[in-house]
Amino acid sequence: MGDLDVSTVLPLSERLAQLRPSAELLHFYRTKVAEYDQDREEMLGRLENFKLAAEEQHSSQWKVQQKDEEIAALQKAISDLQVCLFQEREQVLKVHAENDRLKIRELEDRQKIQHLLSLSIGPNTQSTTYFVRNPPLKSNAKQNTKHIEKVRKSGHFEER
């Protein structure tokens, strides 16, 4: 037994054929091998199902992660837009306040102009406008001559 030559060792199927097992023993082992083959096929099928389920789960998790990242980006964009909207609303309020202030000022200025016009017109219905230039030699309007002569002598105003 110690001097076995590898070349003289017969394959398992030939050695089993030489043993001449009983029919019952042979049937038992063939049944066992068939059961193991069937179990193996079932396990390979289950393994394939698990593999498909794992791939599907991985794909679903990846999609969820992508959607979460997209949601986070959209939430950030919404937040940024809300900040911009708030700033624009503040600007609109400032512009409205400035507009109101200018309208009030315009009304006050109109009242002052009306008051000054009512003071300057007085009993005369004609008005005189003076411009900075040499005075004309002759006036078209009939005015208080003392006042006109005084202005002409100063040499700074022109009557129109």
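Just so we're clear, the structure is a prediction, and the values are computed from it rather than from any experiment.

Peer 1: Can you explain the overall build of the protein chain? Please cite residues and give values.
Peer 2: Secondary structure summary: the protein chain contains three helices and two strands in total. Its helices and strands taken in sequence order, the protein chain reads α-α-β-α-β from the N to the C terminus. Counting across all 160 residues of the protein chain, residues that qualify as buried make up 3%. Sequence separation of at least 24 residues holds for 39% of the intrachain contacts in the protein chain that already meet a minimum separation of 6. Of the roughly 15,300 Å² of accessible surface on the protein chain, a fraction of 58% belongs to carbon and sulfur atoms.

Peer 1: Tell me about the confidence of the model for the protein chain, and please be specific about residues and values.
Peer 2: Close inspection of predicted coordinates is inappropriate for parts of the model with low pLDDT. This prediction gives the protein chain a mean pLDDT of 82; 70% of its residues lie at or above 70. By mean pLDDT, the top-scoring element of the protein chain is helix H2 (residues 23–121) (95), and the lowest-scoring one is strand S2 (residues 158–159) (48).

Peer 1: Quick one: what's the story with the packing of aromatic side chains, residue by residue and with numbers?
Peer 2: For the coordinates displayed, the defined rule picks out one aromatic pair. Taking 5.3 Å as the distance between ring centres and 70 degrees as the angle between the ring planes, the aromatic pair formed by Phe 28 and Tyr 29 counts as edge-to-face. Its relative accessible area of 42% is what places Phe 28 among the partly exposed residues. On the basis of relative accessible area, Tyr 29 is assigned to the partly exposed category, the value being 48%.

Peer 1: Could you give an account of the pattern of salt bridges, with specific residues and numbers?
Peer 2: Counted by the stated rule, this structure contains five salt bridges. Across the salt bridge formed by Arg 40 and Glu 41, the nearest N and O atoms sit 3.6 Å from each other. Note that Glu 98 and Arg 101 form a salt bridge whose closest N and O atoms lie 2.5 Å from each other. With Glu 98 and Arg 101 both in helix H2 and three residues apart, the pair spans about one turn of that helix.

Parameters and conventions
Residues numbered from 1 in each chain as written. Predicted model: local features only at pLDDT ≥ 70, side-chain atom pairs only at ≥ 80, totals over all residues. Heavy atoms only, no water. Helix = DSSP H or I, 4+ residues; strand = E, 2+ residues; numbered from the N terminus. Buried < 20%, exposed > 50% of the residue type's maximum accessible area, 1.4 Å probe, protein only. Contact = heavy atoms within 4.5 Å. Areas by Shrake-Rupley, 256 points an atom, 1.4 Å probe, with all protein chains shown as cover. pLDDT = per-residue confidence, 0-100. Phe/Tyr/Trp six-rings, centres within 6.5 Å; stacked < 30°, edge-to-face > 60°. Salt bridge = Lys/Arg side-chain N within 4 Å of Asp/Glu carboxyl O.

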